[in-house]
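Structural overview for review
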Amino acid sequence: MMGIFRTNITTVQDRNNVINAISAQFTVNACSVDLEDCDKVLRVVSPQSLAEQTIIEFVTRLGFNCDILD
């Protein structure tokens with residue numbers, strides 16, 4: 001699974017918290033948030049077959065907006 005999402009994550013601390021939470025909850029090969037991009041793009045690469053909605057709901061529960069990037 002490779003998911004690319006639009007978020008409202010803006011700080012380094014929030015980015016680190018989200019990446020750590022995702023990495024702790026799911027098996028991921030890579031996880032990043034591009035704070036320089038206007039869409040604050042979250043990329044998640046996982047060997048698991050994760051539904052994009054699962055990541056969206058998880059990040060939303062952490063207090064951030066998260067939608068599939070078109």
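So, here's what we can say about the structure. Computed from a prediction, not measured in an experiment: that's the story for all the values here.

Quick notes on the rules
Residues numbered from 1 in each chain as written. Predicted model: local features only at pLDDT ≥ 70, side-chain atom pairs only at ≥ 80, totals over all residues. Heavy atoms only, no water. Salt bridge = Lys/Arg side-chain N within 4 Å of Asp/Glu carboxyl O. Helix = DSSP H or I, 4+ residues; strand = E, 2+ residues; numbered from the N terminus. Buried < 20%, exposed > 50% of the residue type's maximum accessible area, 1.4 Å probe, protein only. Pairing = 2+ DSSP bridges. Axes fitted to C-alpha atoms, helices over the stretch in contact; angles between N-to-C directions. Lys, Arg positive; Asp, Glu negative; His and termini not counted.

1. Brief notes about the pattern of salt bridges
In this structure the tally under the stated criterion is one salt bridge. Of the charged contacts, one joins aspartate 39 and arginine 6 as a salt bridge, the two residues approaching to 3.3 Å between their closest N and O atoms. Residue aspartate 39 is found in the loop between β2 (30-33) and β3 (42-45), and its partner arginine 6 is found in strand β1 (residues 2-7); the two are separated by 33 residues along the sequence. The class for aspartate 39 is partly exposed, based on a relative accessible area of 22%. Classification of arginine 6 by relative accessible area gives partly exposed; the value is 31%.

2. Observations regarding the sheet that holds β1
Within a sheet, adjacent strands bond to each other through the backbone by hydrogen bonds, running parallel or antiparallel. If you trace the four strands from one edge of the open sheet to the other, you get β2-β3-β1-β4, paired in antiparallel fashion. The sheet is open, and its two borders are formed by β2 and β4 (66-68), each paired with just one other strand. Within the sheet, the average angular offset between the axes of one strand and its neighbour, ignoring direction, is 25°. Here β1 pairs with β4 via three bridges, running antiparallel. Bridging from a neighbouring strand, arginine 6 pairs with aspartate 67 of β4.

3. Some details on the side chain of lysine 40
As for its placement among the helices and strands, lysine 40 is situated in the loop between β2 and β3. For the buried residue lysine 40, which engages in no salt bridge, the nearest side chain bearing the opposite charge is glutamate 36, 7.0 Å off.

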